[in-house]
Amino acid sequence: MKPYDAIIIGGGHNGLVCAAYLARSGRRVLVLERRERLGGAAVSEEVFPGFRFSVFSYVVSLLRPEIIRELELPRHGLHVLPLESTLTPLADGNYLAQWNDHDRNRRELARHSLRDAESYDEYGLRMHHMARAVKPLLAMAPPDPASLSPRDLLGMASLGGHLRSLGRERFHELCRLMTMSSADYLDQWFECEPLKATKSASGIIGTLAGPRSPGTAFVLLHHYMGELDGVFRAWGFAKGGNGSVSAAIAAAARSFGAEIRTSAPVEHVLIESGRAAGVVLQGGEEIRARRVVSSADPRCTFLDLVGEQHLPGELVSAIRRYRFRGSSAKVNLALGELPRFTCLPEPGAHLRGAISISPSVEYLERAYDQAKYGEFSRRPYLDIVIPSLLDPSMAPPGKHVMSIFVQYAPYRLNGGWTDERREALGDTVIDTLAEYAPNIRSAILHRQVVTPADIERTLGLSEGNIFQGELSLQQMFFLRPAVPWARYGTPIRDLFQCGSGTHPGGGVMGASGRNAARAMLEEGV
Amino acid sequence: MLKTTPFHPRIAPLCASHAWRRWAGHVVASSYELSHEREYHAIRAAAALLDISPLYKYRLRGRDAARLLDRVVTRDVQRAAVGQVLYTPWCDAAGKVLDDGTVARLDDTEFRMTSADPNLRWLEASALGLEVAIEDVSDSTAALALQGPNARAILEQATDADLAGLRYFRLAHARLGNVPVTISRTGYTGDLGYELFLDAARALEAWDALVAAGRNYGITPAGMLALDLARLEAGLMLIDVDYVSARKALVDSQKSSPLELGLAWAVDLKKERFIGHGALREEAKREAQWQFAGLEVEWGSLEALYVKVGLAPQLPAAAWRTSTPVYSGSEQVGYATSGGWSPLLKKYIALAHLEAASARVGTQLEMEITVEHRRRRASVRVVPRPFFDPERKRA
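Every value quoted in this text rests on a predicted model; they were computed, and no experiment measured them.

Q: Would you mind showing me how to read the overall build of chain B here?
A: Scanning chain B from terminus to terminus reveals 9 helices and 19 strands. Against the 2.2 N^0.38 benchmark of 21 Å for 395 residues, chain B shows a C-alpha radius of gyration of 21 Å, consistent with a compact globule. Viewed in the frame of its principal axes, chain B has a C-alpha envelope of about 60 × 50 × 45 Å. Within chain B, the fraction of its 395 residues that count as buried is 47%. When contacts within chain B are restricted to residue pairs at least 6 apart in sequence, those whose partners lie at least 24 apart make up 65%.

Quick look at the structure:
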């Protein structure tokens, strides 16, 4: 039989995006997914009868608009329901809400600080400019500034031209964003503590760093990208859960002729005469292809699927140093009734958005302190959504599902993760939430706790890092995952990478998968 | 949700149209009656009562209050007499307009500033090292405009103020019934009119007193649609419609300097310094690239476009605010930002940004107009602003 043009290892969203783009260009493509279901960390599962959960990733914020457009994802079933607000309940019974509606938002902020109500717009505009400044980098195979190859030189020239076009003021601002902590950066703008804390939280997600750690300001920007393409507004909750994002991409890939197999775990990449020739599945089945693309994370790709014996020592040690340090967990709840927050007990619009337990920067920094020394936070940062309020099909009528993102829950927990520690984390999360919504305990019908160790075991994400490696500056752009292999290639001929562990990485964004496919097609795959 | 103004309990039952709109986070009436027509004519023929409470209002007090304002706005505040009101824009350091509003000198060391957008942070940031207390009194101060030829007669009935002696852009302190008010002879209609500032807690008392005094003079509550037509006739520009605040502009080309907005008269370059002074001094040496001008559509040309498709000319019932291209020959030389049919002047008028070379009064241009789904061009002529300028405004 004619071999495949490409085998994609891993049916997560990036693997599927890569497969869809290759298939769209007429390549014969096979996706191999280890689990019985597609989607990687973007899956919906009926964990408890009648209740569907986005078990791992839970919102759509960064999915690239060009992917939605080019793969026609709405036609393949993607429907993003907007999240309208962010509620930050406070211990004293007050709250801070951020609303999509400008007037409503301003009025609410003015309740806390007239100055912040004014700064908010200026901050938004500044972030808009900064996100615009960085956006072209997202769709770019990152050039290595130290390389003299024509391709890298051209890339650097275009990048240099772009940065110069920003003008002095914005370039300087970008430098500040790259180097400051999110707390310091936000201190320049705001005085209201819960506002600063809630905004700074997006700088720490998925990273073992606190809001006062340098470099976290840049991640604020990473999370602003989702709000850039006004027309798409891809910031919300996917109807049917995040599994339907994967399902839509898979349907698009199949429509272009891609083959997709589940329950097909790859044991290793078949390497013949220094080039990738296919894969061998667990159980011994050998499948040959002209190219192999791995959407697994860098550690898994290079150290497990390829093996150090095939790799240069420098790359092996770089990948060993590459930081995963999973720091977040998930708690998924089936609820018999809605939570009643002390600050706003009645059901209302505030429950249809995100609910953020981030009362102050100090709260978040303390939560980090404990994780730094190997404990989960006694009072963690929580980012909560109630998808059943946006999409009633997620739960039986009148019942609800609640998704709680928890940080910090370090992968390297003192004494290791056990069933007891997992449930202790679950208790801590519920205790934390109960301080703001006391009825939560009696509302719970079922509880699922997912620790970084569970994420690693279930999904194969090393150390349970949700971004396939931290979004810290030392491993972004041409450093992701390692120099000089940041342009989706590897030292093994015909072996490519397309996971979040490559530039730009992180979030249900799909840019890595698309960039990798484009890089391969440019090389004439 | 949205805020309501202190007059809302009176306004809501009167708003038969249920046509509401937003203004600075407040819900305000677009029109009270089903059509805004009578409300508009009240502005020009009797007296219209307009709730202008959503304006942002700041009180500045202290030894350096005048110095602060002088740093911020483009006009000379130090020279303003007690009781004088200045209309003024203010700019960023590049000399681009941030906002426009009024500065009223209540006392040697006390001012009230009104603005369209919030400016607390800007004022505070500009006040470094100065002895001045800045207070946002937007919510605690209610404001009404009484505009139209009968406005003075009504206030003479309702207040104890000496209105005969109150000149244009001056203010007086008085009692309206029992309510202390500041009466400022200013407005946004280009007509004889006054603006009243008072304690929000006493808003309803003041409303009732005015309505009672005005009953025999045709006092008519009027909404934003009527005001919009009147301000168009008066040639007065509106933020977010006719210009983009430098604070909100996404690209530099969206920003305007006061010289480009026809506000050179309100920029006092002789002042030692103010924010944007350097940039504006440089700009003033050259001819401004853009001018903000009045356009009058030539009836014959408009009528011909409609006749061609078998229709009589169809005129906009309310003022429009969609950016509309203006051409000189085949070249686009600008864009109109507000326009409409003046029921008083019986003219189709518009406000436009024009390249300086095409902005001289009398220049013949063309403006895009959509006739039966097709884009056409009607002849327009550059005319002086304001379109309507009655003697009673200042008399």
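Q: Honestly, the overall build of chain A in this entry has me stumped. Any pointers?
A: Along chain A, the regular secondary structure elements total 17 helices and 18 strands. Here chain A has a C-alpha radius of gyration of 22 Å; the compact-globule value for 525 residues is 24 Å, and the two agree. If you line up chain A on its principal axes, its C-alpha atoms span 65 × 55 × 45 Å. Every one of the 525 residues in chain A was classed for burial, and the buried ones make up 55%. In chain A, of all internal contacts separated by at least 6 residues, the share reaching a separation of at least 24 is 74%.

Q: Would you mind going over the domain arrangement of chain A with me for this structure?
A: How big an interface is tends to be reported as the loss of accessible area on association of its parts. Residue and element names in this part refer to chain A. Splitting chain A by domain gives domain 1 (4-43 + 63-78 + 237-323 + 461-522), domain 2 (84-113 + 328-408 + 414-450) and domain 3 (117-191 + 202-234). The centre of domain 2, based on its C-alpha atoms, is set 28 Å off from the matching centre of domain 3. If you list the elements that add at least two residues to the side of domain 2 that touches domain 3, you get α3 (102-112) and α13 (361-372). For the side of domain 2 that touches domain 3, the leading source of residues is α13, giving 5 residues.

Q: Help me out: how do you make sense of the domain arrangement of chain B in this one?
A: What the domain assignment lists for chain B is domain 1 (8-55 + 139-222), domain 2 (57-133) and domain 3 (252-256 + 289-383). Centre-to-centre separation of domain 1 of chain B and domain 3 of chain B, based on C-alpha positions: 32 Å.

Q: I tried to follow the packing of α3(A) against helix α4 (residues 114-138) of chain A on my own but got confused; where do I start?
A: Helix-helix packing: each pair is described by the crossing angle between the helix axes and the interaxial distance. Residue and element names in this part refer to chain A. Where α3 contacts α4, the axes come no closer than 6 Å and their chain directions differ by 140°. Classed by the angle they form, the pair α3 and α4 counts as oblique. Side by side, α3 and α4 meet where Arg106, Leu109, Ala110 and His112 of the first sit next to Leu114, Asp116, Ala117 and Tyr120 of the second. Each residue belonging to the contact of α3 with α4 can be placed in one class, and the counts come to 5 nonpolar, 1 polar and 2 charged.

Q: Any chance you could explain helix α17 (residues 511-522) of chain A here in plain terms?
A: Residue and element names in this part refer to chain A. Under the 1.5 Å per step criterion, the end-to-end length of α17 is 16 Å for 12 residues, consistent within 8% with the ideal 16 Å. Structurally, α17 contributes buried residues whose contacts are with α1 (13-24), α2 (65-70), α4, β12 (286-294) and β18 (495-497). One or two steps after α17, the chain reaches Gly524, where phi turns positive at roughly 85°.

Q: How do you make sense of the sheet that holds strand β8 (residues 133-136) of chain B when you look at a structure like this?
A: Strands pair in a sheet through their backbones, by hydrogen bonds, and they do so in one of two ways: parallel or antiparallel. All names here are of chain B. Here 5 strands make up an open sheet; going across it, the order is β5-β6-β7-β4-β8 and the pairing antiparallel. Each edge of the open sheet is held by one strand with a lone partner, namely β5 (85-91) and β8. For this sheet the average axis-to-axis angle between neighbouring strands, irrespective of direction, equals 25°. With 6 bridges connecting them, strand β4 (residues 56-61) and strand β7 (residues 110-115) associate as antiparallel partners. Following the sheet pairing, Leu60 is matched in β7 by Phe111.

Q: What should I look at first to understand unusual backbone geometry in this one?
A: Of note, the bond from A:Val483 into A:Pro484 is cis; its omega dihedral lies within 30 degrees of zero at -5°. With respect to the element layout, A:Pro484 can be found in the loop between α16 (452-459) and β18. With an omega of -15°, the peptide bond between B:Arg385 and B:Pro386 qualifies as cis. In this structure, B:Pro386 sits in the segment after β19 (374-383).

Q: Honestly, the interface of chain A and chain B in this entry has me stumped. Any pointers?
A: Taken together, the contact between chain A and chain B spans 11 residues of the former and 11 residues of the latter. Only α3 and α4 of chain A provide two or more residues apiece to the side of chain A that touches chain B. With 7 residues, α4(A) is the largest single contributor of residues to the side of chain A that touches chain B. Tallied by class, residues from the side of chain A that touches chain B come to 3 nonpolar, 1 polar and 7 charged.

Q: Could you clarify how one ought to interpret the sheet that holds strand β3 (residues 47-51) of chain B in this entry?
A: Residue and element names in this part refer to chain B. An order of β10-β11-β12-β9-β3-β13 is seen for the 6 strands of this open sheet, with the pairing classed as mixed. The outermost strands of the open sheet, each flanked by one partner alone, are β10 (171-176) and β13 (219-221). In this sheet, neighbouring strand axes are inclined to one another by 30° on average, regardless of whether the strands run parallel or antiparallel. Examined bridge by bridge, β3 and β13 share 3 bridges and lie parallel to one another. In the strand pairing of β13, Ala47 is matched with Ile219. Lying on the sheet, helix α5 (residues 151-158) is in contact with β3, β9 (141-147), β10, β11 (179-184), β12 (193-199) and β13; it crosses β9 at an angle near 130°. Along the sheet face, helix α6 (residues 203-214) touches β3, β9, β10, β11, β12 and β13 and points at about 65° away from the line of β11.

Q: Looking at this model, I keep getting lost on helix α2 (residues 37-45) of chain B. Mind explaining?
A: In an α-helix, one turn spans 3.6 residues; hence positions three or four apart end up facing the same way. Every buried residue of α2(B) is listed here: B:Glu39, B:Tyr40, B:Ala42, B:Ile43 and B:Arg44. Against β2 (26-31), β3, β9, β13 and α7 (224-233) of chain B lie the buried residues of α2(B).

Q: Can you walk me through the nonpolar core in this structure?
A: Side chains that are nonpolar tend, in soluble globular proteins, to be buried together. Residues A:Ala19, A:Ala20 and A:Ile249 are the most contacted members of the largest nonpolar core, which totals 160 residues. Those residues in contact with A:Ala19, other than ones at most four positions away along the chain, are A:Ile8, A:Val29, A:Val31, A:Ala253 and A:Ala258. In this structure, B:Ala46, B:Val77, B:Val97 and B:Leu259 belong to the second largest nonpolar core, which totals 109 residues.

Q: Would you explain the confidence of the model for chain A in this entry?
A: Atomic detail in the predicted coordinates should be set aside for any region of low pLDDT. Per-residue confidence for chain A gives a mean pLDDT of 93; residues scoring 70 or more make up 98%. Under a pLDDT of 50 for its full length, residues 230-234 of chain A has, in the predicted model, 9 contacts with residues more than four places off or in other chains.

Q: What exactly am I supposed to notice about the environment of A:His128 here?
A: Residue and element names in this part refer to chain A. Considering the arrangement of structural elements, one finds His128 in helix α4. Under the C-beta neighbour-count criterion, His128 is labelled partly exposed, with 15 such atoms within 10 Å. Taking the C-alpha atoms as reference, His128 lies 9.0 Å from Leu221; in sequence the two are 93 residues apart.

Q: Looking at this structure, how should I read the pairing of β12(B)?
A: In regular strands, side chains alternate between the two faces of the sheet. Residues and elements named next belong to chain B. For β12, the buried fraction is high: 6 of the 7 residues fall into the buried class. Sheet analysis places β9 next to β12, joined by 7 bridges and oriented antiparallel. Along β12, the bridge assignment pairs Ala142 with Leu198.

Q: Is there a simple way to explain the pairing of β7(B) in this structure?
A: Residue and element names in this part refer to chain B. Across the 6 residues that make up β7, a large majority, 5, are buried. Looking at chain direction, strand β6 (residues 97-105) and β7 are connected through 5 bridges and run antiparallel. Residue Val103 lies in a different strand from β7, and its bridge partner there is Met113. Hairpin connection from β6 to β7: 4 residues lie between these consecutive antiparallel strands.

Basis of the calculations
Residues numbered from 1 in each chain as written. Chains lettered and ligands numbered in written order. Predicted model: local features only at pLDDT ≥ 70, side-chain atom pairs only at ≥ 80, totals over all residues. Helix = DSSP H or I, 4+ residues; strand = E, 2+ residues; numbered from the N terminus. Rg over C-alpha atoms; globule rule 2.2 N^0.38 Å. Buried ≥ 20, exposed ≤ 12 C-beta atoms within 10 Å, placed from the backbone. Contact = placed C-beta atoms within 7 Å. Domains from an automatic or database assignment. Axes fitted to C-alpha atoms, helices over the stretch in contact; angles between N-to-C directions. Parallel < 35°, antiparallel > 145°, perpendicular 65-115°, else oblique. Nonpolar A, V, L, I, M, F, W, Y, C, P; charged D, E, K, R; others polar. Expected span 1.5 Å × (residues − 1). Pairing = 2+ DSSP bridges. Core = buried A, V, L, I, M, F, W, Y, C linked by C-beta atoms within 7 Å. pLDDT = per-residue confidence, 0-100.

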